[in-house]
Amino acid sequence: MPRLALRIAYDGTHFAGWQIQPRERTVQGSLEVALAKVCNRRIRVHGAGRTDSGAHALGQNAHCDIPQDKIGVPWRKALNSLLPSDVCVISGQWAEESFHARYSARGKVYSYTLWTAPEYVIPQRRPFVWPVGELDPQAMRLVAEVFPGRRDFAAMQNMGTPVTHTMRSVESVRLDRGQRSEEIVVSITAEGFLKQMARIMVGCLVQAGRHKLSPEIMEAILDSRDRSRAPATAPARGLCLERVLY
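Figured I'd write up the structure that's included with this text. (Residues numbered from 1 in each chain as written. Predicted model: local features only at pLDDT ≥ 70, side-chain atom pairs only at ≥ 80, totals over all residues. Heavy atoms only, no water.)

Things to note about the overall build of the chain
Now for step 1: Along its length, the chain carries five helices and ten strands.
Now for step 2: Computed over C-alpha atoms, the radius of gyration of the chain comes to 19 Å, within 12% of the 18 Å expected from 2.2 N^0.38 for 246 residues, which places it in the range of a compact globule.
Now for step 3: Referenced to the eigenvectors of the C-alpha coordinate spread, the extents of the chain come out at roughly 60 × 40 × 30 Å.
Now for step 4: Sequence separation of 24 or more characterises 72% of the internal contacts of the chain that already satisfy a separation of 6 or more.
Now for step 5: Accessible surface for the chain amounts to roughly 12,100 Å². Of this, 48% is attributable to carbon and sulfur atoms.
Now for step 6: Computing the positive centroid from 33 side-chain charges and the negative centroid from 24, the chain places the two 6 Å apart. (Helix = DSSP H or I, 4+ residues; strand = E, 2+ residues; numbered from the N terminus. Rg over C-alpha atoms; globule rule 2.2 N^0.38 Å. Contact = heavy atoms within 4.5 Å. Areas by Shrake-Rupley, 256 points an atom, 1.4 Å probe, with all protein chains shown as cover. Lys, Arg positive; Asp, Glu negative; His and termini not counted. Charge placed at Lys NZ, Arg CZ, Asp CG, Glu CD.)

Remarks on the packing of aromatic side chains
Now for step 1: Under the counting rule described, the total for this entry stands at six aromatic pairs.
Now for step 2: Geometrically, the ring pair formed by Tyr112 and Trp130 is edge-to-face, given 6.2 Å between the ring centres and 80° between the ring planes. Placement of the pair is Tyr112 in strand E5 (residues 107-115) and Trp130 in strand E6 (residues 130-131), with a sequence separation of 18 residues. The same class applies to Tyr112 as to Trp130, namely buried.
Now for step 3: Aromatic side chains Trp115 and Tyr120 sit 5.9 Å apart centroid to centroid with 80° between the ring planes, which places their arrangement in the edge-to-face category.
Now for step 4: For Tyr120, a relative accessible area of 41% translates into the label partly exposed.
Now for step 5: Taken together, the ring pairs connect Tyr10, Phe15 and Trp18 into an aromatic cluster.
Now for step 6: The ring of Phe15 has Arg25 sitting right over it, with the charged end atom 4.0 Å from the ring centre. (Phe/Tyr/Trp six-rings, centres within 6.5 Å; stacked < 30°, edge-to-face > 60°. Buried < 20%, exposed > 50% of the residue type's maximum accessible area, 1.4 Å probe, protein only. Lys NZ or Arg CZ within 6 Å of the ring centre and 35° of its normal.)

Looking at the nonpolar core
Among soluble globular proteins, nonpolar side chains are generally buried collectively.
Now for step 1: Within the largest apolar cluster, 67 residues are counted, with the highest numbers of intra-cluster contacts made by Leu114, Phe147, Met156, Val173, Val186, Leu205 and Met218.
Now for step 2: The leading source of residues in this core is helix H4 (residues 197-209), at nine residues.
Now for step 3: Sequence-distant contacts of Val186, that is, excluding residues within four places in its chain, are made with Tyr110, Ser111, Tyr112, Leu114, Val173, Arg174, Leu175, Val202 and Leu205.
Now for step 4: In terms of nonpolar packing, the next biggest core, distinct from the first, is built from five residues, Trp115, Val121, Ile122 and Val129 among them. (Core = buried A, V, L, I, M, F, W, Y, C linked by side-chain atoms within 4.5 Å.)

Considerations on the packing of helix H3 (residues 137-144) against H4
Now for step 1: Running from amino to carboxyl end, H3 crosses H4 at an angle of 135°, the nearest separation of the two axes being 7 Å. It follows that H3 is oblique to H4 by the angle criterion. In this structure, H3 meets H4 at a crossing whose hand is right-handed. Counting all contacts with H3, which are made through Ala139, Met140, Val143 and Ala144, the residues of H4 involved are Leu205, Ala208 and Gly209. (Axes fitted to C-alpha atoms, helices over the stretch in contact; angles between N-to-C directions. Parallel < 35°, antiparallel > 145°, perpendicular 65-115°, else oblique. Left-handed = near helix turned anticlockwise from the far one by under 90°.)

Re the pattern of salt bridges
Now for step 1: Under the criterion given, the structure shown has twelve salt bridges.
Now for step 2: Of the charged contacts in the structure, one is a salt bridge between Asp52 and Arg199, with a shortest N-O distance of 2.8 Å. Of this pair, Asp52 sits in the loop between strand E2 (46-47) and strand E3 (56-65) while Arg199 sits in helix H4, and the two are 147 residues apart along the sequence. The exposure classification of Asp52 matches that of Arg199, with both residues buried.
Now for step 3: In this structure, Arg225 and Asp152 form a salt bridge, with 2.5 Å as the shortest nitrogen-oxygen distance. In this pair, Arg225 is assigned in the loop between helix H5 (215-224) and strand E10 (239-245) and Asp152 in strand E7 (residues 149-152), connecting sequence segments 73 residues apart.
Now for step 4: Connected via shared salt-bridge partners are Glu32, Arg42 and Arg44. (Salt bridge = Lys/Arg side-chain N within 4 Å of Asp/Glu carboxyl O.)

Quick look at H5
Three- or four-residue spacings in an α-helix give side chains the same orientation, since the helix completes a turn every 3.6 residues.
Now for step 1: Where H5 is concerned, the buried positions are Met218, Ile221 and Leu222. The arc that holds every buried residue of H5, seen down its axis, measures 95°, which confines them to one face. With respect to the buried face of H5, the exposed residues turned more than 90 degrees away are Glu216 and Asp223.
Now for step 2: Packing partners of the buried residues in H5 comprise H3, E7 and H4. (Arc of directions from axis to C-beta.)

Examining the side chain of Thr26
Now for step 1: Along the chain, Thr26 falls in the loop between strand E1 (3-10) and helix H1 (27-39).
Now for step 2: When its relative accessible area of 3% is taken as the criterion, Thr26 is described as buried.
Now for step 3: A polar contact is formed between the side chain of Thr26 and the backbone nitrogen of Gly29, at a distance of 3.0 Å.
Now for step 4: When residues no more than four places from it in sequence are discounted, the contact partners of Thr26 are Phe15, Ala16, Gly17, Trp18, Gln19, Ile20 and Gln21. (Polar contact = N/O pair within 3.5 Å; in protein donor to acceptor, adjacent residues only side chain to side chain.)

What follows is the structure in structure tokens.
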């Protein structure tokens, strides 16, 4: 059957993550319901990877195999007419049979938005930011320089998803201004992420911004491979999957 590659955006506020879970509303489930209505049969959707419950995406990727007699369907228009308002298909194109949204990926880019005004959060941004108060961006950048490279990130992994090893390659960790002056956006590019790894890294950077964690301490935490030595995990709502790299 023809293979359709999709790029998807969603507001994860009311989703229990990407992957289907029993009796829970998920992005994958919403897509499969919409596809079934168009194709009159169940269509399995394969995503580039899971996202945490409450996290968002501007560039999640997925693929599915479409019946030959449905090849002429305008897929973006058709799916967006059936999907809930907090998820949409940005693009849909035909891919080679060998393409796999997960296994063909060579990396991902996540962003995390911090809100630094200590006394308020504007309502329009509340579902997408973590209010942390005033931070020292320069102190955060010094700790961010510790992460890039290939190393064991066991100290940046929460329990719950079995993996064969905890070695990962982080390409870059950047701090930029967000949509508003009150925002700091942390962008992390890596070949892959352990469970909630990006959120734990952000938790470390916030502590650095409060002058409670130095580059030397960060190195020691990573070398220890001990999750209990790292700060608490940042909330899911500030996290966004920006794009999947192929």
